[in-house]
Amino acid sequence: MSKNVPSDTDSAPERSSSRSREGTRAIFPGSFDPLTSGHLDIITRGLKIFDHLTVGVLHNPEKRTLFSVDERVKMIQETLQGDAERITVKSFSGLLVSFVEELGTHVILRGLRATSDFDYEAQMALMNRQLSPHIETFFLMTSERYSYVSSSLVKQIAPYGGDVSHLVPPQVRKALAAKFSRT
Ligand code: ADP
């Protein structure tokens, strides 16, 4: 082995890899207020790389959200029920790295859209590495057709009755319709 390549014995055994007997695992954290087709695309492509994904739904009491954390978790669970064996949906609050440690993995999965995402994502990834050096952030570039899709865009359109069916999965479209009292 090259002298420059750290061996597994360089890190604590339980931290040496996200590849366990259960396979490779990663955490996809976010606000998901609400889940969009762009998020779903990252999840679907993430499942081609990792054996198991935990979708971490951030509960930040200081940030006003359209959907409560329980509503967001439920919508994601309903949308992903076909993949329930390989996906866990959990809420978390506080530091992301603490949540990652709690789950015993070391990979954070994030999506990247425009260059504007890059500055924020780089800052978060570097800060998380500072807090927990063994945690890696893994980025997937958005699919072109979802590059403009965001939860904020959905929240700007839905209250006025705009068609969001190409932006969100059906379960979320229904929840938005209920929220804004349309059927
Ligand atoms: P946060 O508030 O943590 O940014 P979001 O729910 O907005 O939470 O996003 C969660 C993750 O999904 C982020 O990494 C974000 O860049 C990514 N993401 C959001 N929309 C898209 C999209 N259309 N294509 C690819 N990645 C996306």
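Residues numbered from 1 in each chain as written. Predicted model: local features only at pLDDT ≥ 70, side-chain atom pairs only at ≥ 80, totals over all residues. Heavy atoms only, no water.

Novice: Sorry if this is basic, but what is going on with the overall build of the chain here?
Specialist: Within the chain one finds six helices and six strands. Seen in sequence order, the chain has helices and strands lined up from the N terminus as β-β-α-β-α-β-α-β-α-β-α-α. Counting every position in the chain, which comprises 183 residues, the buried fraction comes to 40%. For the chain, the share of sequence-separated contacts (at least 6 apart) that also reach a separation of at least 24 residues comes to 74%. (Helix = DSSP H or I, 4+ residues; strand = E, 2+ residues; numbered from the N terminus. Buried < 20%, exposed > 50% of the residue type's maximum accessible area, 1.4 Å probe, protein only. Contact = heavy atoms within 4.5 Å.)

Novice: Sorry, what's going on with the packing of aromatic side chains here?
Specialist: Aromatic rings considered in pairs are described by the distance between their centres and by the relative angle of their planes. By the definition in use, this model includes three aromatic pairs. Plain terms: the ring middles of Phe92 and Phe99 are 4.5 Å apart, the flat faces sit at 10° to each other, and that makes the pair stacked. Neither Phe92 nor Phe99 differs from the other in exposure class; each is buried. (Phe/Tyr/Trp six-rings, centres within 6.5 Å; stacked < 30°, edge-to-face > 60°.)

Novice: Honestly, helix α2 (residues 69-79) in this entry has me stumped. Any pointers?
Specialist: Along α2, the residues that are buried comprise Val69, Arg72, Val73, Met75, Ile76 and Thr79. On an axial view of α2, the arc spanned by its buried residues comes to 165°, and they lie on one face. Among the exposed residues of α2, those pointing more than 90 degrees away from its buried face are Asp70 and Lys74. Tucked into the core, α2 has its buried residues touching α1 (37-46), β3 (52-58), β4 (87-92) and α6 (170-179). (Arc of directions from axis to C-beta.)

Novice: In this structure, what is going on with the pattern of salt bridges? I would like to understand it.
Specialist: Between side chains of opposite charge, a pair can form as their charged atoms come close. Under the counting rule described, the total for this entry stands at seven salt bridges. With a shortest N-O distance of 2.9 Å, Arg45 and Asp41 are connected by a salt bridge. Residue Arg45 and its partner Asp41 are both found in helix α1; the two are separated by four residues, about one turn of the helix. On the basis of relative accessibility, which here comes to 11%, the residue Asp41 falls in the buried class. In this structure, Arg110 engages Glu121 in a salt bridge whose closest nitrogen and oxygen atoms are separated by 2.8 Å. Placement of the pair is Arg110 in strand β5 (residues 107-112) and Glu121 in helix α4 (residues 115-131), with a sequence separation of 11 residues. (Salt bridge = Lys/Arg side-chain N within 4 Å of Asp/Glu carboxyl O.)

Novice: Could you clarify how one ought to interpret the site of the ligand in this entry?
Specialist: Taken together, 16 residues sit near the ligand, with Ser31, Gly111, Thr142, Tyr146 and Val149 positioned nearest. In this structure, an oxygen atom belonging to the ligand sits 2.7 Å away from a side-chain N or O atom of Ser31. In the model, a nitrogen atom of the ligand is placed 2.9 Å from a nitrogen or oxygen of the Val149 main chain. Relative to its unbound accessible surface of 560 Å², the ligand loses 88% to contact with the protein. When contributions to the shell around the ligand are tallied by element, the ones reaching two or more residues are β2 (23-30), α1, β5 and α4. (Near = heavy atom within 4 Å. Polar contact = N/O pair within 3.5 Å; in protein donor to acceptor, adjacent residues only side chain to side chain. Areas by Shrake-Rupley, 256 points an atom, 1.4 Å probe, with all protein chains shown as cover.)

Novice: What am I meant to see in unusual backbone geometry here?
Specialist: For residues other than glycine, phi is negative in most cases, and the peptide bonds are mostly trans. A cis amide bond links Asp33 with the next residue in sequence, Pro34, at an omega value of 0°. Looking at the element boundaries, Pro34 is found in the loop between β2 and α1. Phi angles above zero are rare outside glycine, and Phe32 is one such case at about 50°. Its place among the elements puts Phe32 in the loop between β2 and α1. With relative accessibility at 2%, the residue Phe32 sits in the buried group.

Novice: Teacher, can you tell me more about the confidence of the model for the chain here?
Specialist: Any residue range with low pLDDT should be treated as having predicted coordinates unsuitable for detailed reading. For the chain, per-residue confidence averages 90 on the pLDDT scale, and 87% of positions sit at 70 or higher. Every residue in residues 6-16 is under pLDDT 50, and counting partners more than four places away or in other chains gives eight contacts. (pLDDT = per-residue confidence, 0-100.)

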